[in-house]
Amino acid sequence: MPVPAERDRPRDQSLLQRPDGVVGREEAGVVSAATAVLSERAGTSSTALPGVLSDVPVAVLLIDRSAGAVTYANTAAVELAGNVRLPVDIDTWGASVGLTDLGGRPLASTSGPLSLVAQGLPVTGEAVRMTPGQGHRDGDRRDQLLWVTGFPLSRPDGDEHLSLVVFLEVEGGSDPAGEQLQALRERAVVATDIAFTITDPRQPDDPLVWVNPSFGRITGYSYEEAVGRNCRFLQGPATDPATVAEIRAALRARQAITTTLLNHRKDGTAFWNQLSVSPVFDGEGELVSFVGVQTDVTERVRVEREREEAFAAEQTARQEAELARATAERAQADAERARADAERMQGRLALMAEATSTLIATLDLTDVLDRLARLCVPLLADWVFITLVDDTGTVRETASRHRDGFADELRLLATQHVGHLPEVSPTRRSFATSRPVLVQHAAAGLDGLFSSAATREAAERLGMGSLLAVPMVARRRTRGAILLGRRDTERPFDQEDVDLAEDLARRAALAMDNVRLYQQEHTVADTLQRSLLPELPVIPGVESAAHYVSASTAADVGGDFYDLLHLPDGSIGVVIGDVVGHDVAAAAAMGHLRGLIRACAWEAPDPDPAAVLARVDRLVQGLEVASMATMVYARAVPPAEGGAPWRVHLASAGHPPPLLRTPDGEVQLLDGVTGLLIGVDGSLPRRSTAIDLPREATLLAYTDGLIERPGTDLDEGIAELVERLVAAPAGAGPRQLCDAAVAGSLDGRDDVALIAVRFC
């Protein structure tokens, strides 16, 4: 049960104030002295009664009998005495108040009530006078009668010798008679708000032997109902058993006690009772009674409880606010971490997306390595070394990059160190295990990694705070490794960096392996192309040149072809053709078709180009060499005598018409002959045409890839080609004309083949 603060310390009224209400330094010293006296012995009435009596409406004093001095005065007593410092001699205090007996004589005598109390004798009630003009309260100029009651509070043989004195102001005449004095006694007892009780411990169960009327007013029990009973009848089911046990223990030990407990009135209502019980001993030290002083402090306890509840509510609200704030802070921190994680993941995805698009955008290995290095630095590391190895583990190619340059150091390490990596190096360990190798603090472990002091110094200048080597594995083979380095020792690589670097290395390895496969296929295609597109033969009286561009990104070969034949009869055969398709399969079909046209032209029963194309068409369909193809075959017969023109016979199988550039630079379109594509219908007849070519004229045949443009028709493409040939310089040879023909925009949507032959 809460105990009011007044129990723990004397209140401010426990020292006598100056008339202006200000407590000075001297008074503070009095408080210290009085407190020391009152606190000399814990558990006695000296430490308990001030908390009960400080605010009661009657004057109360504590007297130290051994010193003959007043050591405590409550608020009402301060108002009587005025500016008197404590402790103070009893007679001095009485003179300050202006106390006299009823006859007007000072009380400073051994028979005065204060002196009797100071001697340890009880005063059951005596009237005294407070003389006019001596009281402290302003405007109070008439005589006042005070009723004095006092009794000892401690054992005669104890360490402290204290007595309690109570003064009650009552209205009365100047010379009261005996009946008047009796009335004064009764009025004094009735007027006080303090409930006084006296028990007799010498009787069984220590019963009440006297209570004042205030006891009945507080508890509802009359004098007759209370006297003769132990005061435990005030207790109820809500009374704290521990407090009751504490009171019983103090009574058994004959010690004073002050406490607050919940008691019950006669009507059953509960009230908080601040109780001070003091033993009273006779002159021989025999315990004769217990004096109880009680005050109803229900309102004070209620206020204190409300204050405590308000404080508890405030504390709860503050704790809830703190908890809410902490929860909000945690939520904010979690949100920030989630946002940071999302940003990291978004950055990682963006990096991977950029890596994929960047690395597959080229089929040049050196370009791939350079792009990979730019992806790694500075996003992942301060510097990077990329090392590629062959099937034997020998280093074949490297790439490097540093965010701050260091070109000389990188070059030195690439030439003197990377090609001779020791087995303990992170890169070699990554090769051997095909697993990442993380060295978070690499600066302390550089011994044995470098073959020379120069390479070690170069590496230290790059910054060897933390190293991470990840293998580049594609199609179950380790193609190389990426070595990442950071200079900052306080931000080493972690597992998240390892995962990111591994993902990037896998994508880079796949891109590089694709480059490797492309290069292998390119080599095969180049060999095939060289066999299918032979070098033009040197024929007397003829100058020739050819040009070929494939539309295939997988291999530089396609279905377009050209050929120049020096036939057995001395004539010259010129062929241009285009097999449907733009890949290796089309090139293979083109090889078969080229062989057929060669065979048919070489030993033709009828050398006419129309007959030769008709025979080729029948063989293609019969042998299923190709699906469809276009072709132009020209057979040029040299002149029989000097100065005569060349005679050229032309046949076409759905192919764009060839061009003739005369010696004076004029360009003619030879579109007088047409025919079906090869592979459509071999039963239909074909026809040819014959023209005379002046000496130094050039015949130029081409495939449709040279004249096709998105959004335009073939006629516009042919017209642009004619313009380029016309613009060629006078006397331009076959090679110059080929270069002029392909000088326009070739968008690579189709293969391009052309051949130029000048007849001299």
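As a reminder, the structure under discussion sits directly above these lines.
Residues numbered from 1 in each chain as written. Predicted model: local features only at pLDDT ≥ 70, side-chain atom pairs only at ≥ 80, totals over all residues. Heavy atoms only, no water.

**Description of the packing of aromatic side chains**
Part 1: Here the structure, examined in full by the defined rule, presents 4 aromatic pairs.
Part 2: Taking 5.5 Å as the distance between ring centres and 35 degrees as the angle between the ring planes, the aromatic pair formed by Trp93 and Phe167 counts as tilted. Residue Trp93 is found in helix H4 (residues 90-97), and its partner Phe167 is found in strand E7 (residues 162-170); the two are separated by 74 residues along the sequence.
Part 3: Using a relative accessible area of 3% as the deciding quantity, one classes Phe167 as buried.
Part 4: With 4.8 Å between their ring centres and 75 degrees between their planes, Tyr221 and Phe233 make a pair best called edge-to-face. With Tyr221 in the loop between helix H7 (213-219) and helix H8 (223-226) and Phe233 in the loop between H8 and helix H9 (241-252), this residue pair connects regions lying 12 residues apart in the sequence. (Phe/Tyr/Trp six-rings, centres within 6.5 Å; stacked < 30°, edge-to-face > 60°. Helix = DSSP H or I, 4+ residues; strand = E, 2+ residues; numbered from the N terminus. Buried < 20%, exposed > 50% of the residue type's maximum accessible area, 1.4 Å probe, protein only.)

**Here's the deal with the sheet that holds strand E15 (residues 437-439)**
Part 1: If you walk across this open sheet you meet the 5 strands as E14-E13-E17-E16-E15, and the pairing is antiparallel. Of all the strands in the sheet, just strand E14 (395-402) and E15 have a single pairing partner and so form its edges. Pairwise comparison of adjacent strand axes, ignoring direction, gives a mean angle of 15 degrees for this sheet.
Part 2: Where strand E16 (residues 466-474) lies against strand E17 (residues 477-486), 9 bridges are found, and the strand directions are antiparallel. In the sheet register, Val470 faces E17, and the bridge partner there is Ile482. (Pairing = 2+ DSSP bridges. Axes fitted to C-alpha atoms, helices over the stretch in contact; angles between N-to-C directions.)

**Let's talk about the pattern of salt bridges**
Part 1: All told, the structure shown has 31 salt bridges when counted by the stated rule.
Part 2: A salt bridge links Arg325 to Glu322, with the nearest nitrogen and oxygen atoms 2.0 Å apart. Note that Arg325 and Glu322 are positioned in helix H10 (residues 298-359) at a spacing of 3 residues, about one turn of the helix.
Part 3: Of the residues examined, Glu322 reaches a relative accessible area of 39% and is grouped as partly exposed.
Part 4: Its salt-bridge partner being Arg516, residue Asp513 comes within 2.6 Å of it at the nearest N-O pair. Linking Asp513 with Arg516, this pair stays in helix H15 (residues 495-532), spanning 3 residues, or about one helical turn.
Part 5: If you follow the salt bridges from partner to partner, you end up with Arg475, Arg479, Asp513 and Arg516 in one network. (Salt bridge = Lys/Arg side-chain N within 4 Å of Asp/Glu carboxyl O.)

The values reported here are purely geometric and, on their own, carry no functional implication.
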